[in-house]
Amino acid sequence: GGYPSIPAIAAAWILRLPRMLHEQNAILGRVNQLFARRVAMVAFGSVPAAQYDGVEVVFTGNPLRAIVHQRAGAPYIPPGDYPMSILVTGGSQGARILSDVVPAAILALPDVLRSRVRISHQARPEDVDRVALVYADAGIAAEVESFFKDIPDRIAEAQLVIMRAGASTIADVAAIGRPSILVPLAAAIRDEQTANARGLVDADAAILIPESRLEPGTLSAHIATILSNPDAAVQMAHAALTQGRPDATEHLVELVSSLATRKDTP
């Protein structure tokens with residue numbers, strides 16, 4: 001999918017070669033929607049949020065990186081009377097709204113929780129210093145960087161992940177199995193991040209907070225609820241695993257192999 005796929009799909013359609021699309025999100029992007037009726041099937045990386053008449057849809061999940069596979073299903077250490085890790089990530093470029101709201105929400109936690117949390121916060125480069133200063137002034141142990149190379153390890157070590165709802169991040173959290181608070185990107189044209197989040201939210205593995213309702217008090221209350229209830233946190237972690245698709249790559253390979261031998265190319 002995506003604009004670079006237009007020439008290839010168009011040429012394959014003209015030549016009547018087998019064709020398949022993979023959509024990482026729960027809602028088809030513009031190009032994939034354009035070509036959906038001109039391919040044999042569409043594989044979704046996220047649970048499809050809509051039905052598409054005349055389109056064969058298969059939910060495969062999104063392929064995972066090797067480092068995610070290494071941590072998939074890693075045992076979850078529930079919140080307790082010891083240092084607890086919170087990972088905050090808005091994707092590879094961070095998220096301004098998370099940098100604005102999350103530090104204040106952490107500061108608003110009850111003293112008994114605030115003194116135990118350890119933060120890994122991925123922020124935009126221009127926000128790193130100010131976010132780090134907020135945590136430092138409050139005496140909160142925090143690593144604030146513009147990019148973490150070891151995100152899967154940090155997910156596995158976390159008691160809670162606060163994040164956007166991008167398809168790849170959702171896939172990683174589900175495969176590893178961690179409780180999460182999701183803040184979908186409001187600017188997304190098709191609101192695909194809200195749709196991506198539905199699988200984890202409906203499974204009671206995550207809490208969804210729309211950007212319009214994200215403020216320190218609300219977020220702090222949700223953080224406190226999860227970190228104060230280890231049994232519920234464990235249930236969320238296990239529920240997240242039920243939404244994971246660690247075999248996504250193998251499933252896609254099987255579909256491609258079977259499609260290559262079909263004689264009914266549309």
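Going by the structure above, here's the rest.
Okay, so let's go over this structure. Here the structure is a predicted model, which is why all the values come from computation and not from measurement.

What the 6 strands build is an open sheet, ordered β6-β5-β4-β7-β8-β9; its pairing is parallel. If you trace the sheet from one side to the other, it starts and ends with β6 (141–145) and β9 (206–208), each paired once. Strand-to-strand, the axes of this sheet are offset by a mean angle of 15°, without reference to chain direction. The sheet contact formed by strand β4 (residues 84–89) and strand β7 (residues 160–163) spans 4 bridges and is parallel. Each bridged residue has a counterpart across the sheet, and for Leu87 the counterpart in β7 is Val161. Together, β8 (180–182) and β9 form the strand contacts of helix α9 (residues 192–202), whose direction differs from that of β9 by roughly 140°.

Below, the discussion takes up the layout of surface pockets. Looking at the second largest pocket, its volume works out to about 170 Å³. Together, Gly1, Gly2, Tyr3, His22, Glu23, Gln24, Gly29, Arg30, Val31, Asn32, Ile189 and Arg190 line the second largest pocket. Ranked by residue count, the leading element in the lining of the second largest pocket is helix α2 (residues 30–35), at 3 residues. A class-by-class count of the residues in the lining of the second largest pocket yields 3 nonpolar, 6 polar and 3 charged.

The next subject is the packing of helix α4 (residues 96–107) against helix α10 (residues 216–227). Two elements in contact, α4 and α10, have axes whose closest approach is 8 Å; the angle formed by their N-to-C orientations is 60°. The angle between the axes of α4 and α10 places the two elements in the oblique class. Pair α4 / α10 crosses with right-handed handedness. Facing Val101, Val102, Ala104, Ala105 and Ile106 of α4, the residues of α10 in contact are Pro216, Leu219, Ser220 and Ile223.

Another point: the pairing of β6. Examined bridge by bridge, strand β5 (residues 117–122) and β6 share 5 bridges and lie parallel to one another. From the neighbouring strand, His121 faces β6, where its bridge partner is Val144. One crossover worth recording links β5 to the parallel β6 by way of helix α6 (residues 128–137), and it is right-handed.

What follows deals with the sheet that holds strand β3 (residues 57–59). With parallel pairing, 3 strands are arranged side by side in an open sheet as β1-β2-β3. Each edge of the open sheet carries a strand with a single partner, namely β1 (20–23) and β3. Taking the axes of each pair of neighbouring strands and ignoring which way they run, one obtains an average angle of 25° across the sheet. As paired strands, strand β2 (residues 41–44) and β3 are joined by 3 bridges and run parallel to one another. Within β3, the position partnered with Val42 by the bridge is Val57. Packed on one face of the sheet, helix α12 (residues 248–260) meets β1, β2 and β3 and runs near 165° to β1.

Cut-offs and rules
- Residues numbered from 1 in each chain as written.
- Predicted model: local features only at pLDDT ≥ 70, side-chain atom pairs only at ≥ 80, totals over all residues.
- Heavy atoms only, no water.
- Pairing = 2+ DSSP bridges.
- Helix = DSSP H or I, 4+ residues; strand = E, 2+ residues; numbered from the N terminus.
- Axes fitted to C-alpha atoms, helices over the stretch in contact; angles between N-to-C directions.
- Contact = heavy atoms within 4.5 Å.
- 1 Å grid on protein atoms, 1.4 Å probe; cavity = no way out; pocket = protein on both sides within 12 Å on 5 of 7 lines; lining within 4 Å.
- Points joined across faces, edges and corners; volume = space filled by probe spheres on them.
- Nonpolar A, V, L, I, M, F, W, Y, C, P; charged D, E, K, R; others polar.
- Parallel < 35°, antiparallel > 145°, perpendicular 65-115°, else oblique.
- Left-handed = near helix turned anticlockwise from the far one by under 90°.
- Right-handed = clockwise from strand over helix to strand, strands pointing away.

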